[in-house]
Amino acid sequence: MSELPIDALITFVYTSDLARSARFYEGVLGLELAVDQGSCRIYRVLHRQAYLGICQRAEAPEDVSGIIITLVTSDVDGWYERIVARGWECKHPPRHNETYKIYHFFLRDPSGYLIEIQRFDRADWDRS
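Residues numbered from 1 in each chain as written. Predicted model: local features only at pLDDT ≥ 70, side-chain atom pairs only at ≥ 80, totals over all residues. Heavy atoms only, no water.

Caption draft 1: Structural detail: the sheet that holds strand β8 (residues 114–120). If you walk across this open sheet you meet the four strands as β5-β8-β7-β6, and the pairing is mixed. Of all strands in the sheet, those with a lone pairing partner are β5 (68–72) and β6 (95–97), marking the two edges. Neighbour-to-neighbour, the strand axes of this sheet turn through a mean angle of 40°, independent of strand direction. As paired elements, β6 and strand β7 (residues 102–108) share three bridges and run antiparallel to each other. Among the inter-strand pairings, Asn-97 is bridged to a residue of β7, identified as Ile-102. (Pairing = 2+ DSSP bridges. Helix = DSSP H or I, 4+ residues; strand = E, 2+ residues; numbered from the N terminus. Axes fitted to C-alpha atoms, helices over the stretch in contact; angles between N-to-C directions.)

Now the structure itself:
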């Protein structure tokens, strides 16, 4: 463990349509906007610990195939119901993955980023 503090984590991804992405992250996922920087919007994922930044860029990548944004929660079914109720399509209903010992489902955001909502089925996943 580092002896120097890390106070928060922000993961940034790019979009060519920030308004559409904002409607998804705020309206469908219900994430709280922490900072509006004009061309970037930073959403609070955990209270003062983890954030997701969505930035408008003309050169936003069209191929986002190696990126997965995973949100870990104890209520995977609740998230699935919320997202579907707001009219967003998911790749499949929540299911168990025996290989990784998780319960999860996937959906894509408006820019094509793969989002996974998951719960670890193993008690030792975070031994911090």
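Caption draft 2: A look at the layout of surface pockets. When its volume is computed, the largest pocket comes out at roughly 450 Å³. Along the wall of the largest pocket there are 19 residues; nearest its centre are Val-45, Leu-46, Ala-50, Thr-70 and Leu-71. For the lining of the largest pocket, the secondary-structure elements that each account for two or more residues are β1 (9–15), β3 (40–46), β4 (50–56) and β5. The greatest single-element share of the lining of the largest pocket, amounting to five residues, is contributed by β5. Taken together, the residues of the lining of the largest pocket sort by class into 14 nonpolar, four polar and one charged. (1 Å grid on protein atoms, 1.4 Å probe; cavity = no way out; pocket = protein on both sides within 12 Å on 5 of 7 lines; lining within 4 Å. Points joined across faces, edges and corners; volume = space filled by probe spheres on them. Nonpolar A, V, L, I, M, F, W, Y, C, P; charged D, E, K, R; others polar.)

None of this, on its own, says anything about what the molecule does.
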